[in-house]
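Each chain, written out:
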Amino acid sequence: MHEGQIDLLPGERVIWAGTPVRRPLFNPGDYFNVPFGLLWLGAVTVFFFYNHETAFHTVAWVALTVAGVFHLVGRPLIRYLRLASTTYAVTDGRVIVTSSLMRRREESAALAELADPVVTPGPGKTGTITFGRLGVLVWASANFGAGSGKDRKPPVILVGVSEVAKVREKLAKAVDEARQRQEPTVGK
């Protein structure tokens, strides 16, 4: 990726840019989503096994089963395919994640407002970078495009980053510098 592909703000400069070199099919949020999906399918099957007298029951069973299968298989597959078109950029003020599966989607977060970058190592020198430690439920909500807290912004997650240790160091330095620019100057 080069700077021409990134929608930069005036005066903004790119510190690092990249794409996922590894696209895992599952992420930590699936430790919650997969058992929930299996429980959903089991409950739907048991309920409709005993309630299948009408055409409505049959149609409802099919619809709810399709929803459960999509939850188990479709969401990870869509996430996997979306990573193929994802690009990351870190500027001196923001982290920008751009992806396009069917339409272009850009999410950004101000560096000064992010927690310190944390690496979850992957195979080789790849890994995932999050800002702060994310619990399983935060990962699960990120799978659905929702975040936690009152603003409901999804967490910033950089998946499949090559040379993850070096990138983490660049990000940590950029976050620190952004925080220092944000602090009011003493004595003014």
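Check the entry above for the structure.
What comes next concerns the included structure. Remember, it's a predicted structure, so these values are computed and weren't measured experimentally. (Residues numbered from 1 in each chain as written. Predicted model: local features only at pLDDT ≥ 70, side-chain atom pairs only at ≥ 80, totals over all residues. Heavy atoms only, no water.)

Considering the pattern of salt bridges
Spelled out, the test is: Every case where a carboxyl oxygen of Asp or Glu lies within 4 Å of a side-chain nitrogen of Lys or Arg is listed as a salt bridge. The way it works is that DSSP assigns letters per residue, a run of H or I at least four long becomes a helix, a run of E at least two long becomes a strand, and they are numbered from the N terminus. Residue burial is assigned from relative accessible area. The probe radius is 1.4 Å, only protein chains are included, and a residue is buried under 20% of its type maximum, exposed over 50%, and partly exposed in between.
Summed over the entire model, instances satisfying the criterion amount to 8 salt bridges. One salt bridge in this structure joins Asp 92 and Arg 13, with 4.0 Å as the shortest N-O distance. A residue pair is termed long-range when its members are at least 10 positions apart, and Asp 92 in the loop between strand E2 (87-91) and strand E3 (94-100) and Arg 13 in the segment before strand E1 (14-18) qualify at 79 residues. Using a relative accessible area of 18% as the deciding quantity, one classes Asp 92 as buried. A salt bridge links Arg 105 to Glu 107; the nearest nitrogen and oxygen atoms lie 3.4 Å apart. Look at the salt bridges and you will find they share partners, linking Asp 116, Asp 176 and Arg 179 into a network.

So, the environment of Phe 36
Its location among the elements puts Phe 36 in helix H1 (residues 30-50). Using a relative accessible area of 41% as the deciding quantity, one classes Phe 36 as partly exposed. The sequence separation of Phe 36 and His 71 amounts to 35 residues, and the corresponding C-alpha distance is 8.9 Å.

Description of the sheet that holds strand E6 (residues 127-131)
So the rule is basically this: We call two strands paired when DSSP finds no fewer than two bridges between them. Inter-axis angles, ranging from 0 to 180 degrees, are taken between N-to-C directions of lines fitted to C-alpha atoms, where helices are fitted over the stretch in contact. Only heavy atoms enter the contact rule, under which two residues are in contact if any of them lie within 4.5 Å.
An order of E5-E6-E7 is seen for the 3 strands of this open sheet, with the pairing classed as antiparallel. Edge positions in the sheet fall to strand E5 (117-121) and strand E7 (157-161), since each has one partner strand and no second. Taken over all neighbouring pairs, the strand axes of this sheet differ in orientation by 20 degrees on average, direction set aside. Of the pairings in the sheet, the one linking E5 to E6 comprises 5 bridges and is antiparallel in character. In the strand pairing of E6, Val 118 is matched with Thr 130. Running at roughly 15 degrees to E6, helix H4 (residues 164-182) makes contact with E5, E6 and E7 of the sheet.

Describing the nonpolar core
The condition is simple: Definition used in this section: a nonpolar core is a set of buried Ala, Val, Leu, Ile, Met, Phe, Trp, Tyr and Cys residues joined via side-chain atoms within 4.5 Å.
Counting 22 residues, the largest nonpolar core has Tyr 88, Val 95, Leu 111, Leu 158 and Val 161 as its most contacted members. Taken together, the elements giving at least two residues each to this core come down to E2, E3, E6, E7 and H4. When residues in this core are grouped by element, the largest group, 6 residues, is from H4. Dropping the residues within four chain positions of it, Leu 158 is found in contact with Trp 16, Tyr 88, Val 95, Val 97, Gly 127, Thr 128, Ile 129 and Leu 171.

A few points about the environment of Asn 51
Mapped onto the secondary structure, Asn 51 falls in the loop between H1 and helix H2 (55-83). The class for Asn 51 is partly exposed, based on a relative accessible area of 23%. For the pair Asn 51 and Trp 61, spaced 10 residues apart in the sequence, the C-alpha separation amounts to 9.4 Å.

So, H4
Our working rule: Between the first and last residue of a helix there are one fewer steps than residues, each counted as 1.5 Å, and that sum is the expected span.
An ideal rise of 1.5 Å per residue puts 27 Å on 19 residues; H4 measures up with 26 Å between its terminal C-alpha atoms. Of all the positions in H4, only Val 164, Val 167, Leu 171, Ala 172, Ala 174, Val 175 and Ala 178 are classed as buried. Check the buried side of H4 and you find it contacts E1, E2, E5, E6 and E7.

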